[in-house]
Amino acid sequence: MRFSKFGLTTLRDTPAEAEIISHKLMLRAGLIRRLAAGLFTWMPLGLRVLRRVEKIVCEEMDRAGALELIMPAVQPAELWKETGRWDKYGNLLLRMRDRHDRDFCFGPTHEEVITDIARRELRSYKQLPINFYQVQTKFRDEIRPRFGVMRAREFIMKDAYSFDLDQSGLEQSYQAMHAAYTAIFERLGLKFRVVDADSGEIGGNRSQEFMVLADSGEDAIAWCDEDGYASNVETAATVPEDGKRAAAKVNLEKIETPKTKTVETLTELLEIGPDKILKTLIVEGKKGPVALVIRGDHELNAIKACKMPNVTEPLTMANPETIQEIIGCTPGYVGPIGLDIPVYYDHATKCMSDFVCGANEFEKHYIGVNFGRDIKTPTTVDLRNVKDGDPTPSGSGTLKIARGIEVGHIFQLGQSYSEAMRATVQDKDGNDATLFMGCYGIGVTRIVGAAIEQNHDERGIIWPESIAPFKVVLIPINMHQSETVREVATTLYSELKAAGLDVLLDDRDARPGVKFADAELIGIPHRLVISERGIKVGQLEYRHRRDEEAKMIAYDKALQIITPS
RNA sequence: CGGGGCGUGGCGCAGCCCGGUAGCGCGCCUGCUUUGGGAGCAGGAAGUCGGAGGUUCGAAUCCUCUCGCCCCGACCA
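Predicted, not measured: the structure shown is a model, and the values here were computed from it.

Cut-offs used in this document
- Within any chain, residue numbers begin from 1 and follow the written order of that chain's sequence.
- Both sets of labels track the order of writing: A upward for chains, 1 upward for ligands.
- Residue-level local features of this predicted model are given only where pLDDT is at least 70; pairs of side-chain atoms are given and counted only at 80 or more, and the full residue set underlies all totals for whole chains, interfaces and linings.
- The basis for the side-chain values is all heavy atoms of the structure; hydrogens and waters are excluded.
- The helix count covers DSSP runs of H or I at least four residues long, the strand count covers runs of E at least two residues long, and both are numbered beginning at the N terminus.
- What makes two residues a contact is simply this: any of their non-hydrogen atoms within 4.5 Å.
- Accessible areas in this description were obtained via Shrake-Rupley with a 1.4 Å probe; residue shielding takes into account the shown protein chains only.
- Counted as positive: Lys and Arg. Counted as negative: Asp and Glu. His and the chain ends are not counted at all.
- By convention, the point assigned to a charge is CZ for Arg, NZ for Lys, CD for Glu and CG for Asp.
- Here the limits of each domain have been adopted from an automatic or database domain assignment.
- Here a residue counts as near a molecule or strand whenever at least one of its heavy atoms sits within 4 Å of it.
- Counted as a polar contact is a pair of N or O atoms within 3.5 Å, where, for protein atoms, one must be capable of donating a hydrogen and the other of accepting one, and residues adjacent in sequence contribute only when both atoms are in side chains.
- Note on pairing: DSSP must find at least two bridges between two strands before they are called paired.
- Only C-alpha atoms enter the line fits that serve as axes; for helices the fit covers just the stretch in contact. Angles between N-to-C directions range over 0 to 180 degrees.
- Take a side-chain nitrogen of Lys or Arg and a carboxyl oxygen of Asp or Glu: if they are within 4 Å of each other, that pair is a salt bridge.
- The rule is simple: take the accessible area with a 1.4 Å probe, protein chains only, and divide by the maximum for that residue type; under 20% is buried, over 50% is exposed, in between is partly exposed.
- Any angle that is under 35 degrees is reported as roughly parallel, and any over 145 degrees as roughly antiparallel; angles of 65 to 115 degrees are reported as roughly perpendicular and all others as oblique.
- Take the far helix as your reference; a near helix turned counterclockwise from it by less than a right angle gives a left-handed crossing, and one turned clockwise gives a right-handed crossing.
- All amino acids are sorted into three groups, where Ala, Val, Leu, Ile, Met, Phe, Trp, Tyr, Cys and Pro are nonpolar, Asp, Glu, Lys and Arg are charged, and the leftover types, Gly among them, are polar.
- By convention a nonpolar core is built from buried Ala, Val, Leu, Ile, Met, Phe, Trp, Tyr and Cys residues, the set being connected through side-chain atoms within 4.5 Å.

### What about the overall build of chain A?
Then, in step 1: Per the secondary structure count, chain A includes 15 helices and 30 strands.
Then, in step 2: When contacts within chain A are restricted to residue pairs at least 6 apart in sequence, those whose partners lie at least 24 apart make up 69%.
Then, in step 3: In the form shown here, chain A has an accessible surface area of approximately 26200 Å², with 49% of it arising from carbon and sulfur atoms.
Then, in step 4: On chain A, the mean spot of the 73 positive side-chain charges and the mean spot of the 84 negative ones are 3 Å from each other.

What follows is the structure in structure tokens.
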């Protein structure tokens, strides 16, 4: 491709709309342009990357025996009503009506459609196992689209659905997808981890996420190299403390604590650590508010909290008016002593002694609180997020915390959809057997953003070779003045193309600095500079995007340095 | 949805408080010079000041409403 024919405009200034680095670079490098919130056009340069990602994904899916198809993006409401998700999915579902006033939605996912296909097409266990996949545009009306293509409303997803006769078949299909996904992310050249995950909205049993490691990631993951444990922090279990509680040393006392409604201000006022404070959070419950009690230095885990009986899903903090009404104080001064609502204690509170908690009175706290003496010794549950240094569930290792971008998610759905939609086949004995389903997603567009988050420097993008829009960029110096440079550059361009490489020839009548800056911004892995002074000695200048320095190479070495054997 | 902020040539911004000729940098077009790290000079094109209504002799500026976008909190590929 000749740069002058490629219609690429790069931006020197970052548009104000972008926050994270990948979004900024994608706009500046001309990969995408925004149309509306969460809607993007993939420009020619960006599309090249997207296609490379898709190709790798499809190749590995095919290799794993999955069958590609394409389902409609628009789906009738009836299917969604069959599974109950027409109501459950909420505002994330973009609904629409056709001219006959029939309800439809723009598909955010395709379990219903594929299950409909399965119940029509699959009749015998002999057709199993089978796995269908598609690469398709989805729409989820996100509450807050942000970070460019990382959380767009319209996005491209590869979704696959497996059907098996029984659980053990499902497990095999699931493992096959696990292996395929691992191969995909390795080929993409990304640093990633597979973690245990919450199955969330889609439902089902086992589920794992493929996380690209990046500081800007929206998810926190906990892992341990010693015992191989890895989980999304959302689902990482804490280990109940077995340590003994220290004996009470001081008496219970109610003290004035003006303007200390946070753990932080309380630690300053009392000059104690946050681990000596009991934090009591009031959330909405099915039969009135519920109290969740954790240590002051810990964070509540919403998913775990929702699993408590009575607690409403999604987790909603009680509003201050409710707290005032039920407890008689404002948030920040709530404590478990004398509290007349259901209370759940986190495991870590069990070993606390001589601690501080709210007194259920405005600007008052108790100090010197002890279980057994001042409050009943609680039974404890898992309520908090794990943190760096916590023991792993096996007890043999220590957790580390990192941030990740969820680019893939695999689920064992089991029979929930097939039961709701009566998707069965006949088994060996001629009986109807409800299918076991798995579903497997990859955020194709998101991968492009994630790859940039993980591979960039102050000058721009540094594409992994496997997804770079061009393998090599040719920069002729003063091509428009020098006949020699022009000839060498065009010849080299033809030769590299003939060798099957994707090559970008920067034939613009621009100063070298402009060309260098653009080549670095758009992140082409290999750069060759053609100049008069190099030609005189039969050499080219070569530099990899990751190299510090350029080096001179013989003209005929160009091809082999770019495609190492 | 709640809270905060922003809408002024393609991009980044100033001007608004205190109403009176719409401005700067980058980019774009033409010409000349220049040519190994985002060139110089000269000339030029391009803006319903997000939209509607109002106040006023006069509104980018003040008031009301509205739309859009971004950021912070509960979802997910």
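Moving on, there is more to tell.
### Side note on the domain arrangement of chain A
Often, the extent of an interface is quoted as the loss of accessible area on bringing the components together.
Then, in step 1: We note that the domain assignment places domain 1 (43-236 + 401-448), domain 2 (253-381) and domain 3 (470-562) within chain A.
Then, in step 2: Relative to domain 3, the C-alpha centre of domain 2 lies at a distance of 65 Å.

### Concerning the protein's contact with RNA strand B
Then, in step 1: Within the structure, RNA strand B sits among 49 residues, and R12, N478, E520, S531 and E541 are positioned closest to it.
Then, in step 2: Of everything in RNA strand B that lies within 4 Å of the protein, sugar and phosphate atoms constitute 47%.
Then, in step 3: At 3.4 Å, a backbone N or O of E17 approaches a sugar or linking oxygen of RNA strand B.
Then, in step 4: Within the side chain of D518, an N or O atom sits 3.3 Å from a base nitrogen of RNA strand B.
Then, in step 5: Breaking the surface near RNA strand B down by element, the ones donating at least two residues are β1 (32-36), β8 (154-164), β20 (400-414), α13 (512-522), β28 (526-530) and β29 (539-544).

### Quick look at the sheet that holds β28
Then, in step 1: A sheet is described by the order of its strands in space; here five strands give the open sequence β27-β26-β28-β29-β30, paired in mixed fashion. Lying at the two open borders of the sheet, with one neighbouring strand each, are β27 (503-505) and β30 (551-554). Averaged over all adjacent pairs, the angle separating strand axes in this sheet is 30°, with direction ignored.
Then, in step 2: With five bridges joining them, strand β26 (residues 472-476) and β28 adopt parallel strand pairing. Paired with L474 across the two strands is L528, which belongs to β28.
Then, in step 3: Packed onto the sheet, helix α12 (residues 483-498) meets β26, β27, β28 and β29 and runs at close to 170° relative to β26.
Then, in step 4: Sheet strands touched by α13: β26, β27, β28 and β29. Its angle to β26, the strand with the most contacts, is close to 175°.

### What to know about the sheet that holds strand β5 (residues 94-97)
Then, in step 1: With antiparallel pairing, three strands are arranged side by side in an open sheet as β4-β6-β5. Of all strands in the sheet, those bounded by a partner on one side alone are β4 (74-76) and β5. Strand-to-strand twist of the sheet, defined as the mean angle between neighbouring strand axes without regard to direction, takes the value 35°.
Then, in step 2: Across three bridges, β4 lies against strand β6 (residues 103-106) in antiparallel orientation. Opposite V74, over in β6, you have F106 as the bridge partner.

### Let's talk about the pattern of salt bridges
Then, in step 1: With the rule as written, the count across this model stands at 40 salt bridges.
Then, in step 2: Here R85 makes a salt bridge to E112, at a shortest N to O gap of 2.8 Å. One end of the pair, R85, is in helix α4 (residues 85-88); the other, E112, is in helix α5 (residues 111-121), and 27 residues separate them in sequence. Across the pair, E112 and R85 agree in class, each one buried.
Then, in step 3: One salt bridge in this structure joins D346 and R384, with 3.6 Å as the shortest N-O distance.

### Focus on the packing of helix α2 (residues 44-63) against helix α11 (residues 444-454)
Then, in step 1: The geometry of α2 relative to α11 is characterised by a closest axis approach of 9 Å and an angle of 115° between their N-to-C directions. When the axis of α2 is compared with that of α11, the two are roughly perpendicular. Of the two elements, α2 crosses α11, and the hand of that crossing is right-handed. Here V49, L50, V53 and E54 of α2 lie close against α11, whose contacting residues are V444, T445, I447 and V448.
Then, in step 2: Of the residues belonging to the contact of α2 with α11, the class tally is six nonpolar, one polar and one charged.

### Here we look at the nonpolar core
Then, in step 1: One finds L31, Y181, F185, L188, V448 and W463 to be the most contacted residues of the largest nonpolar core, which totals 68 residues.
Then, in step 2: The element contributing the most residues to this core is α2, with eight residues.
Then, in step 3: Inspection of this core shows a minimum of three residues originating in each of domain 1 (43-236 + 401-448) and domain 3 (470-562).
Then, in step 4: With near-sequence residues (within four places) excluded, V448 lies in contact with M26, L31, W42, V49, L50, V53 and W463.

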